[in-house]
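# Summary of the model geometry
So you can see what is in the structure, the chains are spelled out below.
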Amino acid sequence: MPAYVVAHMRQVTMGPAIVEYLERIDATLAPFGGRFLVHGGQVEVMEGNWPGHLIAIEFPDRARADDWYYSAGYQQIVALRTDNSRGDIILAEGVGSGHRATDVLARRARPGSLGGGRPG
């Protein structure tokens, strides 16, 4: 099942650190099969308010997404982003190709969440 690292970046201070982060992040994704699906760009707000930018990175599965985030390569550059931006980052599990909206009803009775991950 695919997994997604999704970021809502509300504020980014462009400068040398962010440029370096952008120049280096692709190399950290490659060993884990990560690829950008959305990276900034224009959004149309259909409902509510959306200040900032959306970033979505797809991984083949949750384990590889988790392994990427905690990898030595990514941890070497993460402060370039966190020291120069404000936003929220989540890891979300995807659904299979046959998923239907009503499938979530069966999960309602089961406790649990996607939160947690490795201690950082």
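Preceding block: the structure.
Figured I'd write up the structure that's included with this text.

## Quick notes on the overall build of the chain
Counting its secondary structure elements, the chain contains five helices and four strands. For the chain, the succession of helices and strands along the chain, N to C, is β-α-β-β-α-α-α-β-α. Considering only C-alpha atoms, the chain reaches an extent of 50 × 35 × 25 Å along its principal axes. Looking at the chain as a whole, 24% of its 120 residues qualify as buried.

## Things to note about the sheet that holds strand β3 (residues 53–59)
Spatially, β2-β3-β1-β4 is the arrangement adopted by the four strands of the open sheet, whose pairing is antiparallel. Edge positions in the open sheet fall to β2 (35–39) and β4 (85–93), since each of these has one partner strand only. This sheet shows a mean twist of 20° between the axes of neighbouring strands, independent of strand direction. Judged from the nine bridges that link them, strand β1 (residues 3–12) and β4 form a sheet pairing that is antiparallel. In the sheet register, glutamine 11 faces β4, and the bridge partner there is arginine 86. Set on the sheet, helix α1 (residues 16–29) makes contact with β1, β2 and β3; between it and β2 the angle comes to about 140°.

## Observations concerning the layout of surface pockets
If you add up the space inside the largest pocket, you get close to 370 Å³. Lining the largest pocket are 23 residues, with Met9, Tyr21, Leu22, His39 and Ile55 sitting closest to its centre. Sorting elements by how many residues they give to the lining of the largest pocket places β1 first, with five residues. Considered class by class, the residues forming the lining of the largest pocket number 17 nonpolar, five polar and one charged.

## Quick notes on the environment of glutamate 47
With respect to the secondary-structure elements, glutamate 47 resides in the loop between β2 and β3. Glutamate 47 sits in the exposed class, given a relative accessible area of 74%. Expressed as a C-alpha distance, the spacing of glutamate 47 and leucine 91, which sit 44 residues apart in the sequence, is 23 Å.

Quick notes on the rules
Residues numbered from 1 in each chain as written. Predicted model: local features only at pLDDT ≥ 70, side-chain atom pairs only at ≥ 80, totals over all residues. Heavy atoms only, no water. Helix = DSSP H or I, 4+ residues; strand = E, 2+ residues; numbered from the N terminus. Buried < 20%, exposed > 50% of the residue type's maximum accessible area, 1.4 Å probe, protein only. Pairing = 2+ DSSP bridges. Axes fitted to C-alpha atoms, helices over the stretch in contact; angles between N-to-C directions. Contact = heavy atoms within 4.5 Å. 1 Å grid on protein atoms, 1.4 Å probe; cavity = no way out; pocket = protein on both sides within 12 Å on 5 of 7 lines; lining within 4 Å. Points joined across faces, edges and corners; volume = space filled by probe spheres on them. Nonpolar A, V, L, I, M, F, W, Y, C, P; charged D, E, K, R; others polar.

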